[in-house]
Amino acid sequence: MRYVRKASLRLNKTSRILILSIVVGVVAGGGAIFFNWLLDLCKELFMTGLAGYTPPGLPKEGGELVEKWSPYSRLLFPVITTIGGLLAGWLVFTFAPEAEGHGTDAVLKAYHHAGGHIRARVPVIKTIASSLTIGSGGSGGREGPIAQIGAGFGSILSHLLRLDDSERRVLVMAGAAGGIGAIFHAPLGGALFATEVLYGKLDYETDVLVPSILSAVTAYSIVGYVYGFGSLFLTPGDYFTKPELLPLYAMLSIISAAGAWLFIKLFYGAAGWFKELPYPQIVKPALGGLLVGLLGALVPQALDGGYGWLQLIFMNAFPFWLLLAIALAKMLATSLSIGSGGSGGVFGPSVIIGAALGGAVGQVFQMAFPTLGIDPVHFALVGMAAFFAAAAKTPLSSIVMVTEMTGSYGLLVPLMLTSFIAYLLLRPGETLYRSQVPERIDSPVHAHEYLRAALLSLEERGMPIPADVPLPDLARLLDTGQPVLLDPEGEEVMFTLELTEGHPWVGRRIFELDLPPDVLVISVMREKSDKVVIPRGHTRLEAGDRLVLVGPAYASQELLERLHHETAQAGGEQPAST
């Protein structure tokens, strides 16, 4: 490893990242194969061996689209799901509590808040715990654990080679892209997902795009060598030729967004309910498993990963009422399995829910408009992309991933329409991934960049910037009470204003403030989170905030006089300023 480290240091940063992205892709692809093998082993042990039940499997992965039962399978579902949840809960909460839930969110948290650091044990625990959860019948997706395998190796490799945080973050996301692209046979979609999922609004982490593509292509090539290349699902190869159907697809996007909203509420509602239960943490996944098993006895399509069922949806094998039952049961089962502390992803369940909703809507439209030649399978394909675009705030990557997974390139027009409408119908904060931040400017990774840009813009006002002061320390120096920036002629100053409880600005947005002319808020030092907030018009101020303002020297006194007058009228505490 010492020689590898020395060799990496001889390369420039770009070349080093690109080469290491391929290495990460190799591990992500191998990890995907290993996880599939371990998951099949757990299914064979729990579902087939103990419950005598075999759900439909994907032909692409060697499965059969046949459901096999024993006379006691339904009675044994609660038993195997409870055992699987208990084993997974003990494993996770004993060795790596951060491996609970859906792994992609943990990767996002590591990127934004931990410099890309992921403990080496987390991918291992996540892999085993997810195999136990899903293999015993729990509802979860494969992308979460595989994303953590790739991301975790990217973090480990960065540590061994002593790379800086910026390089580590890139390799972490490249590893996640490799795992997701490989497991879903969607290398471009996996790469785009890694750049898009970090943010709730239409913003992208372009620095990770090329490394993610290299990692995803490498991982997909390895997985394809074992399972075969091409799309994961078999679907009709039709093309979009009826623009008169676009209004119906627009209606589908509204229904998909409503379904995504319901799923998010159920998912985090269940997580909050389990969190409040007065039981040891390790037994909560067992309770979640028990409830999932009882639900699965009524709707077995809600159990395990469900990709065989998804293939049957694409074959129009279910009536309208059963598709709705599958969608709702899958929402509940995933919320119980993952929300209770079980381990697994949410992308897989999301596409099943979206396809079931879309197929049901397509059947209704087919009956309502028999002369339009509507194919419900097309609505199922489009619905799965629209649902996940709304639920995960990833419209572009959802379109690409669905087309790669299903080979439905001919449906790009309705896919684009419904995915972006569904995305726009939910607010940025309504997402399955709570570790997303709205935009690049909101990520701690980029906060210093934007603060530097804000302060440098003051040079246009004739105010010199001390070049030897690091950021965000430059703004924090104002806490000393001494002026930090003062133009040579003394006409413009930088000053601070502290917002105490009862201050008239508490609760207001910055664009609502009554500021004197030429006064700008350039930074907000937030006491609660001990961080610098880059101010924008909609930034809502809180008690304890210290505002950094700049403007003409006379304006600071004018501002204080206005505040004294407004505070006196409200009977509050007088504002403090330096």
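Residues numbered from 1 in each chain as written. Predicted model: local features only at pLDDT ≥ 70, side-chain atom pairs only at ≥ 80, totals over all residues. Heavy atoms only, no water.

Section: the overall build of the chain
Counting secondary structure elements, the chain contains 20 helices and 5 strands. When burial is assessed residue by residue, the chain has 57% of its 578 residues classed as buried. The long-range fraction of contacts in the chain, counting pairs at least 24 apart against all pairs at least 6 apart in sequence, stands at 78%. Accessible surface computed for the chain: about 22900 Å², of which carbon and sulfur atoms make up 63%. (Helix = DSSP H or I, 4+ residues; strand = E, 2+ residues; numbered from the N terminus. Buried < 20%, exposed > 50% of the residue type's maximum accessible area, 1.4 Å probe, protein only. Contact = heavy atoms within 4.5 Å. Areas by Shrake-Rupley, 256 points an atom, 1.4 Å probe, with all protein chains shown as cover.)

Regarding the pattern of salt bridges
Applying the stated criterion to the full structure yields 7 salt bridges. Here Asp304 and Lys43 are joined by a salt bridge, their closest N and O atoms 3.0 Å apart. Of this pair, Asp304 sits in the loop between α11 (284–298) and α12 (307–313) while Lys43 sits in helix α2 (residues 13–50), and the two are 261 residues apart along the sequence. (Salt bridge = Lys/Arg side-chain N within 4 Å of Asp/Glu carboxyl O.)

Quick notes on a nonpolar patch on the surface
A contiguous nonpolar surface patch, about 530 Å² in accessible area, is contributed by Leu86, Trp90, Phe95, Tyr279, Ile282 and Val283. Residue position: Trp90 is located in helix α3 (residues 73–95). Judged by relative accessible area, which is 44%, Trp90 ranks as partly exposed. (Patch = residues over 30% accessible without salt bridge, like charges linked within 9 Å, V, L, I, M, F, W, Y side chains within 5 Å.)

A few points about empty space enclosed by the protein
Taken as a whole, this structure holds 3 cavities of 30 Å³ or more when the rule is applied. In this structure, the largest cavity occupies an estimated 60 Å³ of space. Forming the walls of the largest cavity are Thr81, Gly85, Thr133, Ser136, Gly138, Pro285, Gly289, Ser337, Ser340 and Gly342. Taken together, the elements giving at least two residues each to the lining of the largest cavity come down to α3 and α11. Its residues assigned to classes, the lining of the largest cavity comprises 1 nonpolar, 9 polar and no charged. (1 Å grid on protein atoms, 1.4 Å probe; cavity = no way out; pocket = protein on both sides within 12 Å on 5 of 7 lines; lining within 4 Å. Points joined across faces, edges and corners; volume = space filled by probe spheres on them. Nonpolar A, V, L, I, M, F, W, Y, C, P; charged D, E, K, R; others polar.)

Some remarks on the packing of helix α15 (residues 376–392) against helix α17 (residues 412–425)
Between α15 and α17, the least distance of the axes is 8 Å, while the angle of their chain directions is 30°. Between α15 and α17, the angle is such that the two are roughly parallel. In the crossing of α15 with α17, the sense of the turn from one axis to the other is right-handed. Of the residues in α17, those in contact with Leu381, Val382, Ala385, Ala386, Ala389 and Ala390 of α15 are Pro414, Leu415, Thr418, Ser419, Ala422 and Tyr423. (Axes fitted to C-alpha atoms, helices over the stretch in contact; angles between N-to-C directions. Parallel < 35°, antiparallel > 145°, perpendicular 65-115°, else oblique. Left-handed = near helix turned anticlockwise from the far one by under 90°.)

Digging into the packing of aromatic side chains
If you walk through the whole model with that rule in mind, you get 21 aromatic pairs. Measuring from centroid to centroid gives 4.4 Å for Phe347 and Phe388, while their planes differ by 90°, and the two rings are edge-to-face. Of this pair, Phe347 sits in helix α14 (residues 347–368) while Phe388 sits in helix α15, and the two are 41 residues apart along the sequence. Here Phe347 matches Phe388 in class, with each residue buried. (Phe/Tyr/Trp six-rings, centres within 6.5 Å; stacked < 30°, edge-to-face > 60°.)

Some points on the nonpolar core
If you look at soluble globular proteins, the nonpolar side chains tend to sit buried side by side. Formed by 129 residues in total, the largest nonpolar core has its most connected members in Met173, Phe184 and Leu310. In terms of residue count, the dominant contributor to this core is α15 (13 residues). With residues up to four places along the chain from it excluded, the contact list for Phe184 reads Glu143, Leu232, Tyr307, Phe347, Met401 and Met405. Of all hydrophobic cores here, the second largest spans 17 residues; its members include Leu499, Val524, Leu549 and Leu563. (Core = buried A, V, L, I, M, F, W, Y, C linked by side-chain atoms within 4.5 Å.)

A short note on the side chain of Thr218
Within the fold, Thr218 resides in helix α9 (residues 209–227). The buried category is assigned to Thr218, whose relative accessible area is 17%. In this structure the side chain of Thr218 is engaged in a polar contact, spanning 2.7 Å, whose partner is the backbone oxygen of Leu214. For Thr218, the residues in contact, after removing those within four places along its chain, are Ile22, Gly25 and Val26. (Polar contact = N/O pair within 3.5 Å; in protein donor to acceptor, adjacent residues only side chain to side chain.)

Considering the layout of surface pockets
If you add up the space inside the largest pocket, you get close to 770 Å³. Every residue lining the largest pocket is counted, 29 residues in all, and those nearest its centre are Pro97, Glu98, Glu100, Gly101 and Asp105. Secondary structure elements with two or more residues in the lining of the largest pocket: α4 (103–113), α10 (246–276) and α13 (320–339). A per-element tally of the lining of the largest pocket places α10 first, with 6 residues. Residue composition of the lining of the largest pocket, grouped by class: 11 nonpolar, 10 polar and 8 charged.

Looking at the packing of helix α8 (residues 187–196) against α9
The geometry of a pair of packed helices is captured by two quantities: the angle between their axes and the separation between those axes. Relative to each other, α8 and α9 sit at 145°, their axes nearing to 8 Å. Where α8 crosses over α9, the handedness of that crossing is right-handed. Judged by residue contacts, Pro187, Ala191, Leu192, Ala194 and Thr195 of α8 engage Leu209, Ser212, Ile213, Ala216, Val217 and Tyr220 from α9. Considered class by class, the residues forming the contact of α8 with α9 number 9 nonpolar, 2 polar and no charged.

A look at helix α7 (residues 165–183)
With 19 residues, α7 should cover 27 Å at 1.5 Å per step; its first-to-last C-alpha distance of 27 Å lies within 8% of that length. Burial runs high along α7: 17 of the 19 residues are buried. (Expected span 1.5 Å × (residues − 1).)

A short note on the environment of Val299
Structurally, Val299 can be placed in the loop between α11 and α12. With relative accessibility at 14%, the residue Val299 sits in the buried group. Sequence separation between Val299 and Ala325 is 26 residues, and the spatial gap between their C-alpha atoms is 7.6 Å. The contacts of Val299, once residues within four sequence positions are left out, are Ala325 and Ala329.

Some details on the side chain of Ser443
One can find Ser443 in the loop between α17 and α18 (444–456). Polar contacts involving the side chain of Ser443 include one to the side chain of His112, which spans 2.8 Å. Sequence-distant contacts of Ser443, defined by excluding residues within four places in its chain, comprise His112, Tyr199 and Val437.

What about the pairing of strand β4 (residues 546–552)?
Within β4, 7 of the 7 residues are buried, which leaves it mostly tucked inside the rest of the structure. The sheet contact formed by strand β2 (residues 520–526) and β4 spans 5 bridges and is antiparallel. Of the residues in β4, the one forming a bridge with Val524 is Leu547. (Pairing = 2+ DSSP bridges.)

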